[in-house]
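Descriptive analysis of the structure
Spelled out from the first residue to the last, the chains are:
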Amino acid sequence: MDDVIIIGGSFAGLAAALQLGRARRKVTVLDTGLPRNRFAGRSHGMLGHDHKPPLDILAEARRQLARYPAISLVNARADSISGAIDDFSVLTGDGVTLKARRLILSYGVVDQMPDVPGFAEGWGTSVIPCPYCDGFEVAGQHWGLVWSGPQSHNQVRLFHDWTERLTVFADGRDISPDIRADLARRNTPVVDGRITEIVRRGSHNATVKLDIGPDVEVDILFAHPRNKPSASLHEALGLATVDTPLGIVLKVDERRETSMPGIYAAGDLSNPLIPSVTTASWQGAMAGIAAQQSMLA
Ligand SMILES: Cc1cc2nc3c(=O)[nH]c(=O)nc-3n(C[C@H](O)[C@H](O)[C@H](O)COP(=O)(O)OP(=O)(O)OC[C@H]3O[C@@H](n4cnc5c(N)ncnc54)[C@H](O)[C@@H]3O)c2cc1C
């Protein structure tokens with residue numbers, strides 16, 4: 001039996017494994033190799049790893065973890081989890097049942113692309129979610145923002161630290177008169193109509209085609225599609241969740257324990273605020289330490 005099985009071996013899961021391995025706890029990490037930022041050419045904002053390809057950061061992390069004999073990295077999908085504290089079972093896609101005293105869930109979330117031609121194809125390059133991740137590289141340029149709800153108003157305020165040239169695309173959503181007045185005060189035009197296609201053309205990164213009115217060209221388009229957990233393993237155990245404007249995340253306490261004793265969660269799967277490589281890593285480290293300390297004699 002393992003001390004801990006970690007489901008999801010990306011930034012959060014590997015950070016948890018590192019702490020557990022250094023504490024000489026027996027750990028298995030199951031991973032399917034699909035980190036959320038795999039579409040991005042470079043990852044930004046993580047100290048010591050800024051501007052590196054995300055898959056390179058993860059490959060280096062896996063190489064470093066190989067030093068620790070108690071850590072086993074396994075390329076496999078977890079299909080189900082069951083049991084209770086000190087006696088959890090995980091069934092893998094290969095039909096193998098693994099046992100552990102604790103679980104750490106770090107299987108991330110999946111961004112659900114809208115059915116707009118060019119959106120998924122541009123995701124991570126011409127269509128991006130986060131100014132902290134990629135804003136510096138396009139600062140001062142003409143940005144577009146696809147409105148996803150009232151929370152987008154905060155994005156407009158945020159974006160002004162990077163550019164004064166911002167266009168909002170309502171994309172068929174209601175924007176209240178109060179917010180429209182504030183956008184006008186900020187010299188931020190609102191383009192009404194639904195987005196029908198996003199095309200790369202000429203020097204501009206994204207030409208936005210609409211069901212009404214002319215095309216609008218921007219240098220970069222920010223969008224926040226809804227997301228969902230990458231797996232539904234938590235549902236079988238009825239783990240508590242929190243609703244956010246963009247999807248659900250697992251509810252955790254300050255030690256990253258979920259609503260079920262012995263199961264911890266880290267990374268985007270349990271992060272209602274600003275998901276990033278840095279936050280996923282510290283949450284993973286915290287989950288690993290909390291799981292280890294919960295097993296002390
Ligand atoms: C386009 C884009 C660009 C981004 N750029 C940046 C950036 O520049 N800087 C930054 O800090 N953040 C960036 N982010 C955010 C960053 O990608 C996430 O915050 C980070 O990847 C979260 O790490 P995680 O470990 O929680 O989840 P993930 O990295 O999503 O990893 C989850 C892992 O779990 C695995 N998995 C899923 N289901 C199972 C299962 N059933 N069994 C086993 N394994 C499973 C997956 O294959 C994956 O490897 C970006 C996000 C996007 C979408």
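Residues numbered from 1 in each chain as written. Predicted model: local features only at pLDDT ≥ 70, side-chain atom pairs only at ≥ 80, totals over all residues. Heavy atoms only, no water.

Things to note about the packing of helix H1 (residues 11-22) against helix H2 (residues 54-65)
Two elements in contact, H1 and H2, have axes separated by 11 Å at closest approach and are oriented at 20 degrees. When the interaxial angle is binned, H1 and H2 end up roughly parallel. Relative to H2, the crossing made by H1 is left-handed. Counted together, Phe 11, Leu 14, Ala 17 and Leu 18 of H1 and Pro 54, Ile 57, Leu 58, Ala 61, Arg 62 and Leu 65 of H2 form the full contact between these two elements. (Axes fitted to C-alpha atoms, helices over the stretch in contact; angles between N-to-C directions. Helix = DSSP H or I, 4+ residues; strand = E, 2+ residues; numbered from the N terminus. Parallel < 35°, antiparallel > 145°, perpendicular 65-115°, else oblique. Left-handed = near helix turned anticlockwise from the far one by under 90°. Contact = heavy atoms within 4.5 Å.)

Comments concerning a nonpolar patch on the surface
A surface patch of nonpolar side chains, amounting to about 360 Å² of accessible area, comprises Tyr 132, Leu 273 and Ile 274. As for its position among the elements, Tyr 132 is in helix H4 (residues 131-134). In this structure Tyr 132 comes out as partly exposed when scored by relative accessible area, which is 47%. (Patch = residues over 30% accessible without salt bridge, like charges linked within 9 Å, V, L, I, M, F, W, Y side chains within 5 Å. Areas by Shrake-Rupley, 256 points an atom, 1.4 Å probe, with all protein chains shown as cover. Salt bridge = Lys/Arg side-chain N within 4 Å of Asp/Glu carboxyl O. Buried < 20%, exposed > 50% of the residue type's maximum accessible area, 1.4 Å probe, protein only.)

Let's talk about the domain arrangement of the protein chain
Bring the parts together and some accessible area is lost; that lost area is often taken as the interface size. Along its sequence, the protein chain is organised into domain 1 (2-111 + 226-294) and domain 2 (119-222). Taking only C-alpha atoms, the centre of domain 1 and the centre of domain 2 are 32 Å apart. Taken together, the nine residues of domain 1 in the interface contact nine residues of domain 2. With both sides pooled, the region where domain 1 packs onto domain 2 buries about 710 Å², and carbon together with sulfur makes up 58% of that total. Between domain 1 and domain 2 we count zero salt bridges in total. Of the residues in the side of domain 1 that touches domain 2, the class split is five nonpolar, two polar and two charged. (Domains from an automatic or database assignment. Buried area = accessible area lost by both parts, 1.4 Å probe. Nonpolar A, V, L, I, M, F, W, Y, C, P; charged D, E, K, R; others polar.)

What about the site of the ligand?
Within the structure, the ligand sits among 36 residues, and Ser 10, Asp 31, Thr 32, Leu 34 and His 44 are positioned closest to it. In the environment of the ligand, an oxygen atom lies 3.3 Å from a nitrogen or oxygen atom belonging to the backbone of Phe 11. The separation between an oxygen atom of the ligand and a polar side-chain atom of Thr 32 is 2.7 Å. Protein contacts shield 97% of the accessible area of the ligand, which totals 990 Å² for the unbound molecule. At the level of secondary structure, the elements contributing two or more residues to the shell around the ligand comprise H1, strand S2 (27-31) and helix H8 (277-294). The residue makeup of the shell around the ligand, split by class, is 17 nonpolar, 13 polar and six charged. Of the residues that make up the shell around the ligand, three or more belong to each of domain 1 (2-111 + 226-294) and domain 2 (119-222). (Near = heavy atom within 4 Å. Polar contact = N/O pair within 3.5 Å; in protein donor to acceptor, adjacent residues only side chain to side chain.)

Digging into unusual backbone geometry
The backbone of Arg 24 sits at a positive phi, close to 65 degrees, despite the residue not being glycine. One can find Arg 24 in the loop between H1 and S2. Accessibility expressed as a relative area gives 73% for Arg 24, which makes it exposed. For His 51, which is not glycine, the phi dihedral falls at a positive 70 degrees. Assignment of secondary structure puts His 51 in the loop between S2 and H2. For His 51, a relative accessible area of 40% corresponds to the partly exposed category.

A word on the nonpolar core
Grouped together as the largest cluster of nonpolar side chains are 25 residues, with contacts concentrated most on Val 4, Ile 6, Val 29 and Ile 104. Looking at this core, the elements with two or more residues in it are strand S1 (2-7), H1, S2, H2 and H8. Among the elements that take part in this core, H1 stands out by supplying six residues, more than any other. If we skip the residues at most four places from it in the chain, Ile 104 touches Val 4, Ile 5, Ile 6, Ile 7, Ala 16, Leu 20, Tyr 264, Ala 287, Gly 288 and Ala 291. Among the nonpolar cores identified, the runner-up in size contains 19 residues, and Ile 5, Leu 30, Leu 105 and Met 260 belong to it. (Core = buried A, V, L, I, M, F, W, Y, C linked by side-chain atoms within 4.5 Å.)

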